[in-house]
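Inside the fold
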Number of protein chains: 2
Amino acid sequence: MVNVMSSRKPGLKDLKLAARRIEGHVIRTPVMTSSSIDLMTGTRLFFKCENFQRVGAFKFRGATNTVLSLTEDEIMNGVATHSSGNHAQALALAARNRGVPAYIVMPMNSPRVKVDAVRGYGASITFCQPTLGSRESTLEEVVSATGAYFIHPYDDPRIIAGQGTAALELLDDAGNLDIVMAPVGGGGLISGTAIGTKGVSPRTLVIAAEPQNADDAFRSFRSGTLIRSSDPDTIADGLRTSLSDLTFSIIREHVDDIVTVSEAGIIKAMRLVWERMKIIIEPSSAVPLGALLENKLDVSNKRVGIILSGGNVDLDRLPWMNGRR
Amino acid sequence: MVNVMSSRKPGLKDLKLAARRIEGHVIRTPVMTSSSIDLMTGTRLFFKCENFQRVGAFKFRGATNTVLSLTEDEIMNGVATHSSGNHAQALALAARNRGVPAYIVMPMNSPRVKVDAVRGYGASITFCQPTLGSRESTLEEVVSATGAYFIHPYDDPRIIAGQGTAALELLDDAGNLDIVMAPVGGGGLISGTAIGTKGVSPRTLVIAAEPQNADDAFRSFRSGTLIRSSDPDTIADGLRTSLSDLTFSIIREHVDDIVTVSEAGIIKAMRLVWERMKIIIEPSSAVPLGALLENKLDVSNKRVGIILSGGNVDLDRLPWMNGRR
């Protein structure tokens, strides 16, 4: 399962190719603004609404770009991954759109709603123990049994190029931005965002935002050494993964800073967006705004783009409800 | 407090004047679509997102049109109304935008969040008992003490013309529609919607949707006699009011039919929009889609516009939670 492409960093050209490749497959999501949140933060915010993307998250961009990049030979036996989250749904739908099978390894404690969604896109699901070891060994079995092509959720230049297309659209629609922010987990989104932003507008600062409770990217960035997290406890369930060598290397090269935010700040920002903008975002999406509400960055009178990464939330268990976890 | 204008029915010309008058004050809200909800309903739906309107509801259109229509003499002592809902916020903001005071009579059991919002727009609040009698007598006292101009939430041609501008935008953006649907409570929105739709596209059917538990408009429409409801019990809190002579007369002239929906259907439709479209709508907004999910109307292969009336929801008390009311 060695992926020969994963050592190569993508550039702006790869993002532009990806944008052309996925056009018509992905939604060109709107950029929204909120005068009341602008007033609260003393800035002008431009929210790129990837919560409106197919499968409810930016992940569909990278998955689609990668699936469409594969040759007939590479993809003839389908694609496979392990994921309990948005990448699983994204790969399942991207595979269905190309007419090939998808094999998804999911921890047996995955939320029912996510399992149903993946199955709804026609993917085959293999359940595993909820540990990284079990995920990887189960995936290896599935791949060797099916011959499916393994697509990593972020440690892949084609995935990164696909995720970066959201930033290209944001810069296109919002115009001149002083800062672009995105959350960081495994680093696929922020890597693509940074490559796209610096490629199009070198003067624009790129700032990653991360939960304090899962601050491995922050500590890696500060120390210059890749530190991996182990099972961090944050409500931002999309950001519990660690950087790869590839995404860490891109972040060191193109990201200007990483800021962190408390769990309370994430929940406050999420609720604020729901209340004022009337759109549903998941906790991971609220991390950049949460950092602004906690004054982790000087944004006064700046034009700031924020990528809202997704909107997949269990509506029966909202973070401001009692007994939520 | 006799309003001399309320006997006059507005026409398409009044809606077009209103559209020009409120331009720049109101948000031109987007029209959104959902391929998964289209698949479920066998139709093509175009959702006019008034949940993204200022104050979170279409009510701001009518309030703004009316406030901007008043002469300096009429408005010199400010404006007044009684409302526990979106009209209160809408009038408060419209008055602030014109630089005149707003006096709002609110029942003392109004949700804290709504009281805070009205106060946040700088309005003076007078609390009353939660009965129609107390509302009206308290309002009369406020008006006689202040000289403020009373603006009814729906029994006013200027309000109706303002609300109708949403339908003009919907028809403009979505193009050729076979059916346009809106919820009906007091009838301001559906009256404006019907006048606008029939004026621009006479062949398009206009269908009102109403909760079964507050079906006074449905029964009035069927019987030809205005029937008033008294304190109906529905989760669609924006639709508990009764028609006025003016709105009933417009509905009889321009609305093709009224369909009803169960409480369960409203909640199901509301949750579906949250889950699939990732936008927040209030129960009243979900009434038309709820009726479609309950097959109250043949919409197969039709192009159907639906006005999502607002997005003001208490996020601590969602209808699918236990112990909600």
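Since the structure is predicted, the reported quantities are computational estimates derived from the model, not experimental observations.

Some remarks on the packing of aromatic side chains
- Tallied over the full model, the rule gives three aromatic pairs over all chains.
- With 5.9 Å between their ring centres and 80 degrees between their planes, Trp274 of chain A and Trp274 of chain B make a pair best called edge-to-face. One end of the pair, Trp274 of chain A, is in helix α12 (residues 263–277); the other, Trp274 of chain B, is in helix α12 (residues 263–277), on a second chain. No difference in accessibility class separates Trp274 of chain A from Trp274 of chain B, as the two residues are buried.
- Among the aromatic side chains, those forming a connected cluster through ring pairs are Trp274 and Trp320 of chain A together with Trp274 and Trp320 of chain B.
- Positioned over the ring face of Trp320 of chain A is Arg271 of chain A, at 5.3 Å from the centre of the ring.

A short note on the interface of chain B and chain A
- In this complex, chain B contributes 20 residues to the contact, which on the side of chain A involves 20 residues.
- Summed over the three residues of chain B that lose the most area to chain A, namely Lys278, Ile280 and Leu315 of chain B, the buried surface amounts to 39% of that side.
- Linking chain B with chain A are two salt bridges.
- Arg271 of chain A serves as the salt-bridge partner of Asp316 of chain B, at 2.9 Å between the closest nitrogen and oxygen.
- Linking chain B with chain A are ten residue pairs in polar contact (both at pLDDT 80 or more).

Focus: the sheet that holds strand β3 (residues 79–82) of chain B
Residues and elements named next belong to chain B.
- Ordered by their spatial adjacency, four strands build an open sheet running β5-β4-β3-β6, and the pairing between neighbours is parallel. At either margin of the open sheet sits one strand with a lone partner, and together these are β5 (124–128) and β6 (149–150).
- Direction of pairing for strand β4 (residues 102–107) relative to β5: parallel, over a ladder of five bridges. Along β5, the bridge assignment pairs Met106 with Phe127.

Here we look at the relation of the copies chain B and chain A
- When chain B is brought onto chain A, the operation consists of a screw motion whose angular component is 180 degrees and whose axial shift is 0.0 Å, with 0.0 Å RMSD remaining. Both copies of the chain, as the preceding transformation shows, are related through a two-fold rotation axis. Residue Ile279 of chain B of chain B places its C-alpha closer to the rotation axis than any other residue of that unit, at 2.1 Å.
- The share of interface residues of chain B whose copies in chain A are also at the interface is 100%, consistent with both copies meeting through the same surface.

What about the environment of Ala57 of chain B?
- Along the polypeptide, Ala57 of chain B turns up in the loop between β2 (44–49) and α3 (59–69).
- Setting aside chain neighbours within four positions, we find Ala57 of chain B in contact with Glu50, Asn86, Ser309, Gly310 and Asn312 of chain B.

Details of the packing of helix α1 (residues 12–22) of chain A against helix α8 (residues 157–174) of chain A
Residues and elements named next belong to chain A.
- Direction vectors running N to C along α1 and α8 enclose 85 degrees, while the axes themselves pass 8 Å from each other. In terms of axis orientation, α1 runs roughly perpendicular to α8. From α1, Leu12, Asp14, Leu15, Lys16, Ala18, Ala19 and Ile22 reach across to α8, where they touch Ala161, Gly162, Gly164, Thr165 and Leu168.
- Taken together, the residues of the contact of α1 with α8 break down into seven nonpolar, three polar and two charged.

Side note on the domain arrangement of chain A
Residue and element names in this part refer to chain A.
- Parsing chain A into structural domains produces domain 1 (9–57 + 156–308) and domain 2 (60–150).
- Here the C-alpha centre of domain 2 lies 24 Å away from the C-alpha centre of domain 1.
- With 24 residues of domain 1 at the contact, the number on the domain 2 side is 18 residues.
- Contact with domain 2 buries area across many residues of domain 1, yet Arg21, Val55 and Arg158 alone supply 42% of it, more than any other trio.
- The interface formed by domain 1 and domain 2 holds three salt bridges in total.
- With a closest N to O distance of 2.7 Å, Glu50 and Arg61 form a salt bridge.
- The interface formed by domain 1 and domain 2 holds eleven residue pairs in polar contact (both at pLDDT 80 or more) in total.
- Here the element with the most residues in the side of domain 1 that touches domain 2 is α8; it accounts for eight residues.

The rules behind the values
Residues numbered from 1 in each chain as written. Chains lettered and ligands numbered in written order. Predicted model: local features only at pLDDT ≥ 70, side-chain atom pairs only at ≥ 80, totals over all residues. Heavy atoms only, no water. Phe/Tyr/Trp six-rings, centres within 6.5 Å; stacked < 30°, edge-to-face > 60°. Helix = DSSP H or I, 4+ residues; strand = E, 2+ residues; numbered from the N terminus. Buried < 20%, exposed > 50% of the residue type's maximum accessible area, 1.4 Å probe, protein only. Lys NZ or Arg CZ within 6 Å of the ring centre and 35° of its normal. Contact = heavy atoms within 4.5 Å. Buried area = accessible area lost by both parts, 1.4 Å probe. Salt bridge = Lys/Arg side-chain N within 4 Å of Asp/Glu carboxyl O. Polar contact = N/O pair within 3.5 Å; in protein donor to acceptor, adjacent residues only side chain to side chain. Pairing = 2+ DSSP bridges. Least-squares fit on C-alpha atoms with pLDDT ≥ 70 in both. Axes fitted to C-alpha atoms, helices over the stretch in contact; angles between N-to-C directions. Parallel < 35°, antiparallel > 145°, perpendicular 65-115°, else oblique. Nonpolar A, V, L, I, M, F, W, Y, C, P; charged D, E, K, R; others polar. Domains from an automatic or database assignment.

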